[in-house]
Amino acid sequence: MTPTVTLVLVLFAAYLLGSIPSSYVIVRLITGEDIRRIGSGNPGTMNVRDHVGWKPAIVVGALDIGKGAVAVGLAYWTGLGDIEAILAGMMAVAGHDWSIFLRLHGGNGTGATVGALLALLPGPGLLAAVLAFVLWRLGATRRLAGLTGLLSVLPIAYVLDAPQVPMIGVAVLVALLFVKLWRVEGFAVA
């Protein structure tokens, strides 16, 4: 198989993987309800947590993070490079945001973005996640803690002398997430 065909197949698979509506499936299995008709209507982890419970939200969050990480891992597993892995991560996020299974609707892409950045920059990503968790446990809102964690990945990666191409990819992924969050939810950190 040529590298171009491999890339096309990986990007298609990443989009389909990202499109799997984790919150919809989990909430439907647990409650019989449609998450899009509960709370904010956003089929995302926080809406599940706020209106269905912590345990289902943890499952949904893990699945959403897994979608982004697996998409990036698939690119590397097939022998593609960093740029192609970044594109695969972006396709997983696009699938999550505009799911073919939910008529091109979806969440805000946070989980899939976190998964992709963890696969692209595992060390810095994990350190940033620990920082976000500590801030949240110290009393910061989950939004402020999460945004701080996302914004800290690149400085941590720079200090740890991470490879440049994955750093650029993470910067693009985080920037796209911030644009979507701003557009959909505004910039409140509460």
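Quantities reported herein were computed from a predicted structural model and do not represent experimental measurements.

Analysis parameters
- Residues numbered from 1 in each chain as written.
- Predicted model: local features only at pLDDT ≥ 70, side-chain atom pairs only at ≥ 80, totals over all residues.
- Heavy atoms only, no water.
- Helix = DSSP H or I, 4+ residues; strand = E, 2+ residues; numbered from the N terminus.
- Salt bridge = Lys/Arg side-chain N within 4 Å of Asp/Glu carboxyl O.
- Buried < 20%, exposed > 50% of the residue type's maximum accessible area, 1.4 Å probe, protein only.
- Core = buried A, V, L, I, M, F, W, Y, C linked by side-chain atoms within 4.5 Å.
- Contact = heavy atoms within 4.5 Å.
- Phe/Tyr/Trp six-rings, centres within 6.5 Å; stacked < 30°, edge-to-face > 60°.
- Axes fitted to C-alpha atoms, helices over the stretch in contact; angles between N-to-C directions.
- Parallel < 35°, antiparallel > 145°, perpendicular 65-115°, else oblique.
- Left-handed = near helix turned anticlockwise from the far one by under 90°.
- Polar contact = N/O pair within 3.5 Å; in protein donor to acceptor, adjacent residues only side chain to side chain.

## Re unusual backbone geometry
Phi at Arg103 takes a positive value of approximately 55°, unusual for a residue other than glycine. With respect to the helices and strands, the residue Arg103 is situated in the loop between helix 5 (82-97) and helix 6 (110-120). Located in the positive-phi region is Leu104, a residue other than glycine, with phi close to 65°. Mapped onto the fold, Leu104 is located in the loop between helix 5 and helix 6.

## Some remarks on the pattern of salt bridges
Under the counting rule described, the total for this entry stands at 5 salt bridges. The partner of Arg142 in a salt bridge is Asp50, and the shortest N-O contact between them spans 3.0 Å. Of this pair, Arg142 sits in helix 8 (residues 142-159) while Asp50 sits in helix 3 (residues 45-51), placing them 92 residues apart in sequence. Its relative accessible area of 38% is what places Asp50 among the partly exposed residues. A salt bridge links Asp64 to Lys67; the shortest N-O distance between them is 3.4 Å.

## Some remarks on the nonpolar core
The nonpolar side chains of a soluble globular protein tend to be buried with one another. In this structure, Ala88, Leu120, Leu121 and Val170 are the most contacted members of the largest nonpolar core, which totals 31 residues. Listed by contribution, the elements that provide at least two residues to this core are helix 1 (3-19), helix 4 (54-77), helix 5, helix 6, helix 8 and helix 9 (164-185). A total of 7 residues in this core trace back to one element, the largest contributor, which is helix 9. Not counting residues within four places of it along the chain, the set of residues in contact with Val170 comprises Leu117, Leu120, Leu121, Val153 and Leu154. Listed in part, the 7 residues of the second largest apolar core include Ile26, Val27, Val48 and Ala57.

## Quick notes on the packing of aromatic side chains
According to the stated counting rule, one finds 2 aromatic pairs in the structure shown. Here Trp54 and Trp136 contribute two aromatic rings whose centre-to-centre distance is 6.1 Å and whose plane-to-plane angle is 50°, an arrangement assigned as tilted. Here Trp54, found in helix 4, pairs with Trp136, found in helix 7 (residues 122-137); they are 82 residues apart in sequence, far enough to count as distant. For the ring pair Phe133 and Trp136, a centre distance of 5.8 Å and an interplane angle of 55° mean the geometry is tilted.

## Looking at the side chain of His96
Mapped onto the elements, His96 comes out in helix 5. Judged by its relative accessible area of 7%, His96 is buried. Leave out the neighbours within four places in its chain, and His96 touches Gly18, Ser19, Asp64, Lys67, His105, Gly106, Gly107, Asn108, Gly109 and Ala112.

## Describing the packing of helix 5 against helix 6
Helix 6 packs onto helix 5 with a crossing angle of 165° between their chain directions and a minimal axis gap of 9 Å. Viewed along their axes, helix 5 and helix 6 adopt a mutual orientation that is roughly antiparallel. Note that helix 5 runs across helix 6; the crossing there is right-handed. Contact residues: helix 5 offers Ala85, Ile86, Gly89, Ala92, Val93 and His96, while helix 6 offers Ala112, Thr113, Ala116 and Leu120.

## Comments concerning the side chain of Asp34
If you trace the backbone, Asp34 turns up in the loop between helix 2 (22-31) and helix 3. A distance of 2.8 Å separates the side chain of Asp34 from the side chain of Arg36, its partner in a polar contact. Residue contacts for Asp34: discarding those within four places in its chain leaves Tyr24 and Arg28.

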